[in-house]
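Structural overview
What follows is each chain in one-letter form.
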Amino acid sequence: QVQLVESGGGLVQAGGSLRLSCAASGRTFDSYVMGWFRQAPGKEREFVATISRSGGSTYYADSVKGRFTISRDNAKKQVYLQMNSLKPEDTAVYYCAASGIIAATHISEYKYWGQGTQVTVSS
């Protein structure tokens with residue numbers, strides 16, 4: 001199994017940028033598809049982005065496409081989410097997750113989760 005810890009969240013003004021990091025511990029990090037999800041108050045957790053095991057393929061939710069970039073460094077066991085042009089509707093707790101399923105975009109397809117990091121975008 002793998003343990004995941006997110007960091008990098010905070011308060012930012014609309015139009016600004018943040019970079020989230022997810023540190024993984026475990027011996028088989030590069031065997032997992034990695035994803036980012038988010039959950040706003042009163043809403044269901046939603047898919048944000050996913051990246052393949054090698055980092056060669058990525059998929060994004062329509063709401064963040066063109067603004068967010070997911071990446072990974074398998075040697076460092078890290079996954080990142082670069083968030084640009086942030087909007088107030090991006091405010092949520094962001095979660096890093098690991099899956100054994102190719103092209104996983106649904107919550108049920110992810111086995112391991114971090115504790116989340118808060119991102120707040122002010123207008």
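Residues numbered from 1 in each chain as written. Predicted model: local features only at pLDDT ≥ 70, side-chain atom pairs only at ≥ 80, totals over all residues. Heavy atoms only, no water.

What about the sheet that holds strand E8 (residues 78–83)?
With antiparallel pairing, 4 strands are arranged side by side in an open sheet as E1-E3-E8-E7. Each edge of the open sheet is held by one strand with a lone partner, namely strand E1 (3–7) and strand E7 (68–73). Strand-to-strand twist across the sheet, computed as the mean angle between neighbouring axes with direction ignored, equals 15°. Pairing analysis gives 6 bridges linking strand E3 (residues 18–25) to E8, with the strands arranged antiparallel. Opposite Ala-23, over in E8, you have Gln-78 as the bridge partner. (Pairing = 2+ DSSP bridges. Helix = DSSP H or I, 4+ residues; strand = E, 2+ residues; numbered from the N terminus. Axes fitted to C-alpha atoms, helices over the stretch in contact; angles between N-to-C directions.)

Structural notes on the pairing of strand E5 (residues 46–51)
Taken across its 6 residues, E5 has 5 buried, putting it largely inside the fold. Two strands pair when backbone bridges link them, and strand E4 (residues 33–39) and E5 are joined in this way by 5 bridges, in the antiparallel orientation. Looking across to E5, one finds that Phe-37 is bridged to Phe-47. Bridge count between E5 and strand E6 (residues 58–60): 3 bridges; the pairing is antiparallel. Note that in E6 the partner of Ile-51 across the bridge is Thr-58. Between the antiparallel neighbours E5 and E6 lie 6 residues, among them Gly-55 with a positive phi of about 85°. (Buried < 20%, exposed > 50% of the residue type's maximum accessible area, 1.4 Å probe, protein only.)

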